[in-house]
Amino acid sequence: MVPEAEVQDVLAELQRLRARVPLLSGALAASTDGLVLAHDTPGVEAEGVAALTAAALGVAIRMADATGRGGFRELLVRGETGYIATYAAGSSAVLTLLAEDRINVGRLHLEGRRAGTRIGELVDTALERAAQPAPPAHAPEQRPAQPGPLPHRT
């Protein structure tokens, strides 16, 4: 699980992204298995979108692999009234953006890729730290064999 401090950083990145791209109607960061990390999705059930993102991600990964196109990078779905774009965000997260139909898709990709990279760095760093073994609760105090001279002012 991602620590609360990093979740707040991810949420701040989502909010900055929505401020930079006015035609975004929602932004969500989730784990690749469909758990919400942070979201700014007014009027949309974030947990449902995260679960559907994980399902679509599974199909996209298999399609890329079956066609020899390499690892997953992004997925774009266009509906009658807008877009859903999903971007890789590090090794264990994805960024899903909801956009209005009038959005400049090139700008959507540019901003989505940049934000996905930043969110991926935050999440991967947090997970690496969490995987590190914790230091012992009480380490024995180390004392020098002979005390050295005390510092003094001259």
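Residues numbered from 1 in each chain as written. Predicted model: local features only at pLDDT ≥ 70, side-chain atom pairs only at ≥ 80, totals over all residues. Heavy atoms only, no water.

Looking only at helices and strands, one finds 3 helices and 5 strands in the protein chain. Each helix and strand of the protein chain, placed in order from N terminus to C terminus, yields the pattern α-β-β-α-β-β-β-α. Expressed as a percentage of its 154 residues, the buried residues of the protein chain come to 36%. Approximately 9,900 Å² of the protein chain is accessible, and the part contributed by carbon and sulfur atoms is 56%. (Helix = DSSP H or I, 4+ residues; strand = E, 2+ residues; numbered from the N terminus. Buried < 20%, exposed > 50% of the residue type's maximum accessible area, 1.4 Å probe, protein only. Areas by Shrake-Rupley, 256 points an atom, 1.4 Å probe, with all protein chains shown as cover.)

Tracing the backbone shows Glu128 in helix 3 (residues 105–131). According to the relative accessible area criterion, Glu128 is exposed, its value standing at 51%. Through-space distance from the C-alpha of Glu128 to that of Val2 is 9.9 Å; in sequence the pair is 126 residues apart.

A word on the pattern of salt bridges. Opposite charge on two side chains permits pairing when their charged atoms draw close. In the structure shown here, the tally under the stated rule is 10 salt bridges. We note a salt bridge from Arg16 to Glu13, for which the minimum N-O separation is 2.8 Å. On the criterion of helical spacing, the pair formed by Arg16 and Glu13 is a turn pair, its members being 3 residues apart in helix 1 (residues 4–20). The exposure class assigned to Arg16 is partly exposed, which follows from its relative accessible area of 43%. (Salt bridge = Lys/Arg side-chain N within 4 Å of Asp/Glu carboxyl O.)

Turning to helix 2 (residues 46–66), a few remarks are in order. Spacing of three or four residues puts side chains on the same side of an α-helix, whose turn is 3.6 residues. Between its first and last C-alpha, helix 2 extends 30 Å over 21 residues, near the 30 Å set by a 1.5 Å rise per residue. Turning to helix 2, its buried residues are Ala46, Val49, Ala50, Thr53, Ala54, Leu57, Ala60 and Ala64. Buried residues along helix 2 cover an arc of 140° about the axis, so they all sit on one side. Exposed and facing more than 90 degrees away from the buried side of helix 2 are Leu52, Arg62, Met63 and Ala66. Lining the buried residues of helix 2 we find strand 1 (24–31), strand 2 (36–40), strand 3 (74–79), strand 4 (82–89) and strand 5 (93–100). Looking one or two residues beyond helix 2, the residue adopting positive phi is Gly68, at roughly 70°. (Expected span 1.5 Å × (residues − 1). Arc of directions from axis to C-beta. Contact = heavy atoms within 4.5 Å.)

Turning our eyes to something else, we now look at the confidence of the model for the protein chain. Counting all residues, the mean pLDDT for the protein chain is 89, and 86% of those residues have values of 70 or more. Element-level mean pLDDT values for the protein chain span from 92 in helix 1 up to 98 in strand 5. (pLDDT = per-residue confidence, 0-100.)

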